[in-house]
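Chains, contacts and geometry: an overview
Listed below are the residues making up each chain.
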Amino acid sequence: MSIETTVFTFKISVPFEEWAAVYDSEENIQMNKERGIICLYKGVKKDDPTSVILIEQGEEGKSIAMFEDPAVKPLIEGAGHIYDSTVISSYF
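Residues numbered from 1 in each chain as written. Predicted model: local features only at pLDDT ≥ 70, side-chain atom pairs only at ≥ 80, totals over all residues. Heavy atoms only, no water.

The name given to the protein chain in an unreviewed UniProt entry is DUF3764 domain-containing protein, and the organism recorded there is Prochlorococcus marinus str. MIT 9201.

Put into structure tokens, the structure is as follows:
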């Protein structure tokens with residue numbers, strides 16, 4: 001399979017540090033590891049503390065499949081990620 005870089009941009013309802021703490025939790029790290037997904041970058045927009053970018057890399061379709069997994073959606077939303085605000089772009 002091809003390696004895909006997936007860029008997620010979205011809004012958060014909590015401070016970036018709070019969202020990032022959940023993303024960096026052992027549970028999330030393990031989920032990503034099991035799926036072969038690595039985080040290349042995560043950051044908050046300089047002039048908008050509610051706008052986040054997350055860049056992940058893994059086998060084609062893995063990041064998007066995890067994001068769209070109904071079992072994972074409550075974890076995503078529970079971290080303060082406004083699910084419906086997400087824009088996804090993929091690159092090879």
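Things to note about the pattern of salt bridges
For the coordinates displayed, the defined rule picks out two salt bridges. D48 serves as the salt-bridge partner of K11, at 2.7 Å between the closest nitrogen and oxygen. On the criterion of sequence distance, the pair formed by K11 in strand β1 (residues 3-12) and D48 in strand β3 (residues 48-59) is long-range, its members being 37 residues apart. Where K42 meets D24, a salt bridge forms, and the shortest distance between an N and an O atom there is 3.1 Å. With K42 in strand β2 (residues 38-45) and D24 in the loop between α1 (16-23) and α2 (26-35), this residue pair connects regions lying 18 residues apart in the sequence. Overall, D24 belongs to the partly exposed group, its relative accessible area being 37%. (Salt bridge = Lys/Arg side-chain N within 4 Å of Asp/Glu carboxyl O. Helix = DSSP H or I, 4+ residues; strand = E, 2+ residues; numbered from the N terminus. Buried < 20%, exposed > 50% of the residue type's maximum accessible area, 1.4 Å probe, protein only.)

What to know about the packing of aromatic side chains
Aromatic rings in a pair are described by how distant their centres are and how their planes are angled relative to each other. Inspection of every chain in the model, using the stated rule, returns five aromatic pairs. When the ring of F8 is compared with that of F67, the centres are 5.5 Å apart and the planes differ by 45 degrees; the resulting orientation is tilted. Pair noted here: F8 is in strand β1 and F67 is in helix α3 (residues 62-68), with a separation of 59 residues, a long-range link. Exposure class is identical for F8 and F67. Each is buried. Here the aromatic rings of W19 and Y23 are separated by 5.4 Å at their centres, their planes lie at 20 degrees, and the arrangement is stacked. Separated by four residues within a single helix, W19 and Y23 lie in helix α1, roughly one turn from each other. (Phe/Tyr/Trp six-rings, centres within 6.5 Å; stacked < 30°, edge-to-face > 60°.)

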